[in-house]
Amino acid sequence: MRVPPVSRRHQGRALGGAVLALAALAGVLTLVGPSAGDDSSPAEFRPEFPQRGLVTNEFAYWHPDAPGARHSPDWTMTSGSLFGLDGAGWSGRPDGERPDAESSKATDSAVFRLASRRRDFGGTRVTLRLRVDDLITTDRTPAHAYDGVHLWLRFHSEQECYAVSMARRDGEVAVKRKTPGGPSNGGTYVTLAVSRAELPQDTWVDVLATVTDLPDRRVRITLDLAGRRVLDVTDEAPGGLIRPGGVGIRGDNAAFRFRDFTARPE
């Protein structure tokens, strides 16, 4: 605040008024708090889906300038196809063939890899409703115990992220850390926690996952299914995953839907 020039006679009164005004302003700022103009916390992420139709697919990722390439403002997709179905996200009918721009003849969703464009999610609470319709195989993707649906947290790349298995063919749930370098698509998985919690097919299930920073550069990850805590683990050595990243969904040989996907600061 700049105090205009005043005579010596009124200087004390003016300065006193300025001090009171600054004190009052400070009080207002204290009461209002950071939310008045602070954009440091990431906004809630709540993507919407159409009633019918393609949202995006791997074709758009690998051929971004091709005519008809379908891009999403929310998602990128290195493999598979994402559709809208009755306002939910849908894998389509999974197969192992490469799709065209419209995914009209094939989806390649037997290998489904969907990540948010945003990469500013640090401490985050992710909620969604998940429905696994079927588990399949293709000539290119034989059955594996880990087939199913998994949630990505702190996603930096397909070689660096947390993978939280929500529904697997073998009935297990798990939290894994993936770091760059190794045999799994250029990365290495380390299993941090595993338990059993089978999800019924053809049933909508509430999912809640959290990732939270702890003192001493540790990271805590939790998973709740249908209102029950099934995993709670602390990663003592997160490495680069101490940094914020994206969120996303991975599917392996799974036909599934998800709705009400929300990621908000934890």
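Now for a description of the structure that goes with this document. All of these numbers come straight from a predicted model, not from anything done at the bench. (Residues numbered from 1 in each chain as written. Predicted model: local features only at pLDDT ≥ 70, side-chain atom pairs only at ≥ 80, totals over all residues. Heavy atoms only, no water.)

## Things to note about the overall build of the chain
So, step 1. Of regular secondary structure, the chain possesses two helices and 15 strands.
So, step 2. In the chain, which comprises 266 residues, the proportion classed as buried is 46%.
So, step 3. Across the chain, contacts joining residues at least 24 apart in sequence account for 65% of those joining residues at least 6 apart.
So, step 4. Approximately 13400 Å² of the chain is accessible, and the part contributed by carbon and sulfur atoms is 52%. (Helix = DSSP H or I, 4+ residues; strand = E, 2+ residues; numbered from the N terminus. Buried < 20%, exposed > 50% of the residue type's maximum accessible area, 1.4 Å probe, protein only. Contact = heavy atoms within 4.5 Å. Areas by Shrake-Rupley, 256 points an atom, 1.4 Å probe, with all protein chains shown as cover.)

## Focus on unusual backbone geometry
So, step 1. Located in the positive-phi region is N253, a residue other than glycine, with phi close to 55°.
So, step 2. Structurally, N253 can be placed in the loop between β14 (246–252) and β15 (254–265).
So, step 3. For N253, a relative accessible area of 2% corresponds to the buried category.

## A word on the sheet that holds strand β6 (residues 124–135)
So, step 1. The strand order across the open sheet built from eight strands is β1-β3-β4-β15-β6-β11-β12-β13, with neighbouring strands paired in antiparallel fashion. Bordering the open sheet on either side are β1 (52–57) and β13 (228–235), each of which pairs with just one other strand. Mean inter-strand twist for the sheet, computed between neighbouring axes without regard to direction, equals 25°. (Pairing = 2+ DSSP bridges. Axes fitted to C-alpha atoms, helices over the stretch in contact; angles between N-to-C directions.)

All we've got here are geometric facts, nothing functional implied.
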